[in-house]
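Notes for the structure review
Each chain, letter by letter, is given below.
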Amino acid sequence: MTPPAITLTDLTCLHAGRPAVHHLSGRFAPGSLTAVVGPNGAGKSTLLRAIAGLHTATEGRIDRGGLARQDIALLPQAGALDRAFPIACADVVASGALARIGPFRAVPPATRAAVEAALAAVGLSGFARRLVGTLSAGQFQRVMFARLMLQDAPVLLLDEPTAAVDARTAADLLAIIQGWHGEGRTVVAVLHDLDLVARAFPETLLLARDPVAWGPTAVAFTPETRLRARLVAEAWAEQPEICTQAAA
Amino acid sequence: MIHALLIEPFAMAFMRRALAGCVALSLAGPPLGVLLVLRRMSLTSDVLQHGILPGIALGALFGGLSLWAMGFGGFLAGLAVALLAGWLARATGGREDSQLAGVYLIALAGGVAIVSATRGIDLGHLLFGSVLAVDNTALLLMAGVASIALPGLAVIWRPLILESFDPGFMQAVGGRGGAWHLAFMALVVLCVVGGFAALGTLMSIGLMMLPAVAARHWAAELAGQVRAAVALALLSSVCGLLLSYHANIPAGPAIVLTAGGLWTASLLTGPRDSLAARLRRHQHYRG
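Structural notes, computed from the coordinates. Please read these numbers as outputs of a predicted model, since none were measured by experiment. (Residues numbered from 1 in each chain as written. Chains lettered and ligands numbered in written order. Predicted model: local features only at pLDDT ≥ 70, side-chain atom pairs only at ≥ 80, totals over all residues. Heavy atoms only, no water.)

1. Side note on the packing of aromatic side chains
- Tallied over the entire structure, the rule returns three aromatic pairs over all chains.
- Measuring from centroid to centroid gives 4.8 Å for F28 of chain A and W214 of chain A, while their planes differ by 55°, and the two rings are tilted. Of the two residues, F28 of chain A sits in strand β2 (residues 18-28) while W214 of chain A sits in strand β9 (residues 210-216), which places them 186 residues apart along the sequence.
- The partly exposed category is assigned to W214 of chain A, whose relative accessible area is 24%.
- On the numbers, 5.8 Å between centres and 80° between planes, the contact of F104 of chain A with W180 of chain B is edge-to-face. Linking F104 of chain A in the loop between α3 (98-101) and α4 (109-121) with W180 of chain B in helix α9 (residues 177-199), this pair reaches from one chain into another.
- On the basis of relative accessible area, W180 of chain B is assigned to the buried category, the value being 11%.
- Above the ring of F140 of chain A, the side-chain terminus of R83 of chain A is found at 4.6 Å from the ring centroid.
- Between the NZ or CZ atom of R147 of chain A and the centre of the ring of F169 of chain B, over which it lies, the distance is 3.9 Å. (Phe/Tyr/Trp six-rings, centres within 6.5 Å; stacked < 30°, edge-to-face > 60°. Helix = DSSP H or I, 4+ residues; strand = E, 2+ residues; numbered from the N terminus. Buried < 20%, exposed > 50% of the residue type's maximum accessible area, 1.4 Å probe, protein only. Lys NZ or Arg CZ within 6 Å of the ring centre and 35° of its normal.)

Next up, the structure:
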């Protein structure tokens, strides 16, 4: 499974009128495993949503290499969902196959088996009929990973996949992410755990509205670039000047 | 004695017709109500029942006193209000309650003004309905509404549930979340119009919302809540009609009051999240 590269050309996305992603150009190589790092408000989530097609680019272009919508799976930030909704784990996981099954057809036996297998793979065997409202934050994140497995997308965008989960869960989820990487999928993950980035992610994009650095983690992620990222993100002018940087 | 209390009233044709109409409403409305509650749209249903009044009044103005003309006008007005409410929700980022209150006040006032200017319509009849005067046309309308709403909901069930739980996901996989929402709102408006024929525009959502609100005290999962809501609505219909017959009070309020009584009982003594459940000593596992 080798998806096409995803290429950003001079991408700018606005959030509340201000640039959240600012003149970003670069390329997620096929099968790459990239950590997106940066302070809060640096535009990391906006970037993922833009790649997934949920946020319109104000300027610039995203070339998805001909990938269809369902070929790009997005794990939203925990807390973006209504976890009080009475829906069973198995149904959430099965919804990953929605693009293949469609809204009306019965869930085929093969998909049911895949749901069981995915729940087992994330360590939640026997949780099929449990309502998501009864799960802990870590268990819920495991269910979301099982849904990603059912989506079976060649490109995965993960927004803070290990936030608010314990060390054991984080380790399990990381193993799954590395498994996807091993299968040749392109994985982009927003992360705040810098040790984890240095340890497990070959590529890093350091973002602070403006791209600060993008490349192999050892090169892109130095004390100097980290300081620059913090300074840019914290500079919040009351009356910012209009950006005159020409679109390429 | 029991026969005189429970069976004899339904020997009257008008009571049987009323019961048949209410059973139809009880089957179609509560499942929609449960989803309205879960989608945090209980207030929208309230706006809809007032929103249909101007349409009903205009239907009566142009189509004579035909129930079909009034129902059709009400349906169109309800759809317009549903679209307006949806737009307000998006434009205000989910804080639409004050705007919705404005919409329903305007709709109610407009409807009353049009009705008053029209000769031959009894305002009280439109506002409060008259279950016991359900004729064959009204019965057909209610049965027709139920025959469309129930299968309709079954068809859109899966995408609607997934859209309620995770709208971003539906958008991301190209699931056209907005279309399912619109179809759902059309079914709700249909049921509100059906309810109007029996309960009037002031209480037409009574059989839809009260059992739905009570249902969460009876079951945790969605299917259970839907079953509980339908059961409570059926019980409200039968008991409400009997109450109306024996106590000689109007049937619409009697049915809605019964549904309200069942809700209160559920709140106090239901097996889940009720006052009694909270007071009960919780057993728990060791370790």
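2. Some words on the side chain of R142 of chain A
- Following the sequence through the fold, R142 of chain A ends up in helix α5 (residues 137-151).
- Those residues in contact with R142 of chain A, other than ones at most four positions away along the chain, are V122, G123, L124, R168, T169, D172 and L173 of chain A. (Contact = heavy atoms within 4.5 Å.)

3. Looking at the sheet that holds β2 of chain A
All names here are of chain A.
- If you walk across this open sheet you meet the three strands as β2-β1-β4, and the pairing is antiparallel. Edge positions in the open sheet fall to β2 and β4 (59-63), since each of these has one partner strand only. Geometrically, the sheet is characterised by an average inter-axis angle of 25° between neighbouring strands, direction not taken into account.
- Sheet topology note: the strand β1 (residues 6-15)/β2 ladder contains seven bridges and is antiparallel. Directly across from I6, in β2, lies its bridge partner F28.
- The strands touched by helix α1 (residues 44-51) within the sheet are β1, β2 and β4, with β1 carrying the most contacts at an inclination of about 120°. (Pairing = 2+ DSSP bridges. Axes fitted to C-alpha atoms, helices over the stretch in contact; angles between N-to-C directions.)

4. Let's talk about the sheet that holds strand β8 (residues 203-208) of chain A
All names here are of chain A.
- Reading across the sheet, the six strands line up as β5-β6-β7-β3-β8-β9 and stay open at both edges, with mixed pairing between neighbours. Each edge of the open sheet carries a strand with a single partner, namely β5 (72-75) and β9. On average, each strand axis in the sheet is tilted by 15° relative to the strand beside it, whichever way the strands run.
- In terms of strand pairing, strand β6 (residues 155-159) meets strand β7 (residues 186-190) through five bridges, oriented parallel. Across the sheet, the residue bridging to V155 is T186, located in β7.
- Where α5 meets the sheet, it contacts β5 and β6, and its direction lies at approximately 175° from that of β5.

5. Digging into the interface of chain A and chain B
- Taken together, the contacts link 26 residues of chain A with 22 residues of chain B.
- Summed over both sides, the interface of chain A with chain B buries roughly 2100 Å², with 68% coming from carbon and sulfur.
- Where chain A touches chain B, the interface holds two salt bridges.
- For R147 of chain A, the salt bridge identified is with D166 of chain B, shortest N-O distance 2.9 Å.
- One can count four residue pairs in polar contact (both at pLDDT 80 or more) joining chain A with chain B.
- Elements that contribute at least two residues to the side of chain A that touches chain B include exactly α2 (89-94), α3 and α5 of chain A. (Buried area = accessible area lost by both parts, 1.4 Å probe. Salt bridge = Lys/Arg side-chain N within 4 Å of Asp/Glu carboxyl O. Polar contact = N/O pair within 3.5 Å; in protein donor to acceptor, adjacent residues only side chain to side chain.)

Any functional reading would require information beyond the geometric quantities listed.
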